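# Observations on the three-dimensional arrangement
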Amino acid sequence: MKDALEKIRQAAAAELAKCADSKELESLRVKFLGKKGELTGILKQMGGLSPEERPRMGQLANEVRASIEATLAEKQTALKSALLERQLRAERLDVTMPGGEIRMGKPHPLTLVMDEIKEIFLGMGFDVVTGPEVEYDRYNFEMLNMPKDHPSRDTQDTFYIDSNILLRTQTSPVQARVMEQTQPPIRVISPGRVYRSDAIDATHSPLFHQIEGLVVDKGITMADLKGTLEVFVKRLYGEDAVVRFRPHHFAFTEPSAELDTMCFHCHGEGCRLCKGEGWIELLGCGMVNPKVLKNCGIDPEVYSGFAFGMGLERVVMRRFNIDDLRLFFENDLRFLDQF
Ligand code: DAH
């Protein structure tokens, strides 16, 4: 029995020395000291010993138990502090480490210039309003004096949802929506996306952006139109910008004009940039056709107004010397990062 106890003491010491985690430690405790453990097994045989041997073996058994318990406790403390050490090392925060780079996005060039244009008009007392991109034929064409058979519809072929609903070809329908809902004075611009079924190339896209303008009040004349748009162009391009108004036709304005700016590059001489013209077309404008005022419930005998509409892409292309419109819509960061 003495040998058996010594064996347990040695086996326990050896196994505990190798033990590496608390789960294993617990199973060793059960193995050696548990109710069905090895030491208990030996003690059960005490009854078979002689009366002289019994106390000696009892004492030895207690010593073995005490020494295993002590080793267990020691081991448990060691494991706990090793675990803590590991956690501390894993969770250590190195405040001197350089931070990870955060990639900041930036406004799209179309947004940059759109915001600039909005600011200019806000500064002149205009409100910014928006309208739906999926629009009724009625607002997009009919109320603007472009009935179903009107030839000017040919240049604005678009995507139809059904025969009455389409993707708007221009921001002009917002004029009709605003006039229908508000009595003058009206002073608004309306930026947004418009659609035409054009094939994509360097200067065409089925989706592009326009900015519409509308002013309606008592006594508005062509002089207001010219003054307002000239101030706008000078704010956009600089005080030395020169503009001219050239007669044109739009169904919803009468009279109508196109506004050109003198080519900044050749100052009217004619060069590659302005295709030899000396002038660059910027926008369409005119006095709101009395028929349109009437269609929208505004009395043309009392009120008059002017309107204008411009394409955003061309303005931005000229501003940044961009020669292909497709770049705006490809989302290539090598392009977008430049602005
Ligand atoms: N909507 C016209 C277009 O897309 C542009 C335009 C011309 C708008 C004259 C106007 C205007 O408001 O008065 O070609």
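This structure is a prediction, so every number in the text was calculated from the model and none was measured.

With that out of the way, let us pick up helix α10 (residues 312-320). Of all the residues in α10, the buried ones are L312, E313, V315, V316, M317 and R318. Just downstream of α10, N321 is the residue with a positive phi angle, here 60°.

In this chain, P184 is followed by P185 through a cis amide linkage whose omega measures 5°. Examined against the element boundaries, P185 turns out to sit in the loop between α7 (173-181) and β4 (186-195). Note that the residue after E254, namely P255, is joined by a cis bond; omega there is -5°. Of note in the backbone geometry, K275 takes a positive phi value of approximately 55° without being a glycine. Following the sequence through the fold, K275 ends up in the loop between β7 (253-262) and β8 (279-288).

The subject of this paragraph is the pattern of salt bridges. Within this structure, the stated rule accounts for 20 salt bridges. A salt bridge links R153 to E142; the shortest N-O distance between them is 3.8 Å. Here E142 lies in the loop between α6 (137-140) and β3 (165-167) and R153 lies in the loop between α6 and β3, a separation of 11 residues in the sequence. Using a relative accessible area of 10% as the deciding quantity, one classes R153 as buried. Of the charged contacts in the structure, one is a salt bridge between R326 and D324, with a shortest N-O distance of 2.8 Å. Taking the relative accessible area as the measure of exposure, D324 reaches 17% and is therefore buried. Each member of the salt-bridge network shares a partner with another, and the members are D137, E142, K148 and R153.

What follows concerns the site of the ligand. Close to the ligand lie 16 residues; Q170, Q175, R196, Q210 and E212 are nearest. Contact distances for the ligand include 2.6 Å between a nitrogen atom and a side-chain N or O atom of Q170. Q175 is positioned with one of its side-chain polar atoms (N or O) 2.9 Å from an oxygen atom of the ligand. Protein contacts shield 91% of the accessible area of the ligand, which totals 360 Å² for the unbound molecule.

Right, let's get into a negative patch on the surface. Negative charge collects at one region of the surface, where D154, D157, D198 and D201 lie side by side. Looking at the element boundaries, D154 is found in the loop between α6 and β3. For D154, a relative accessible area of 62% translates into the label exposed.

A separate point is the nonpolar core. Counting 38 residues, the largest nonpolar core has F232, L283 and F308 as the members making the most contacts within it. At the level of elements, α5 (109-123), β5 (207-217), α8 (222-237), β7, β8, β9 (304-311), α10 and α11 (333-336) are the ones that each hand at least two residues to this core. With near-sequence residues (within four places) excluded, L283 lies in contact with L229, F232, A257, E258, L259, F308, G309 and M310. The next biggest cluster of nonpolar side chains, apart from the first, holds 23 residues, and it includes L166, L214, A251 and Y303.

Next up on the list: the environment of G213. By the element assignment, G213 lies in strand β5. With relative accessibility at 0%, the residue G213 sits in the buried group. Taking the C-alpha atoms as reference points, G213 and T171, separated by 42 residues in sequence, lie 9.0 Å from one another. Among residues more than four places away in sequence, those in contact with G213 are Q175, V188, I189, F306, A307 and F308.

It is worth spelling out the packing of α5 against α8 at this point. At a closest axis distance of 10 Å, the pairing of α5 and α8 adopts a crossing angle of 135°. Judged by the inter-axis angle, α5 sits oblique to α8. α5 and α8 meet at a crossing whose hand is right-handed. Residue-level inspection shows E116, I117, I120 and F121 of α5 in contact with α8, the latter providing F232, R235 and L236. Its residues assigned to classes, the contact of α5 with α8 comprises 5 nonpolar, no polar and 2 charged.

Analysis parameters
Residues numbered from 1 in each chain as written. Predicted model: local features only at pLDDT ≥ 70, side-chain atom pairs only at ≥ 80, totals over all residues. Heavy atoms only, no water. Buried < 20%, exposed > 50% of the residue type's maximum accessible area, 1.4 Å probe, protein only. Helix = DSSP H or I, 4+ residues; strand = E, 2+ residues; numbered from the N terminus. Salt bridge = Lys/Arg side-chain N within 4 Å of Asp/Glu carboxyl O. Near = heavy atom within 4 Å. Polar contact = N/O pair within 3.5 Å; in protein donor to acceptor, adjacent residues only side chain to side chain. Areas by Shrake-Rupley, 256 points an atom, 1.4 Å probe, with all protein chains shown as cover. Patch = residues over 30% accessible without salt bridge, like charges linked within 9 Å, V, L, I, M, F, W, Y side chains within 5 Å. Lys, Arg positive; Asp, Glu negative; His and termini not counted. Charge placed at Lys NZ, Arg CZ, Asp CG, Glu CD. Core = buried A, V, L, I, M, F, W, Y, C linked by side-chain atoms within 4.5 Å. Contact = heavy atoms within 4.5 Å. Axes fitted to C-alpha atoms, helices over the stretch in contact; angles between N-to-C directions. Parallel < 35°, antiparallel > 145°, perpendicular 65-115°, else oblique. Left-handed = near helix turned anticlockwise from the far one by under 90°. Nonpolar A, V, L, I, M, F, W, Y, C, P; charged D, E, K, R; others polar.

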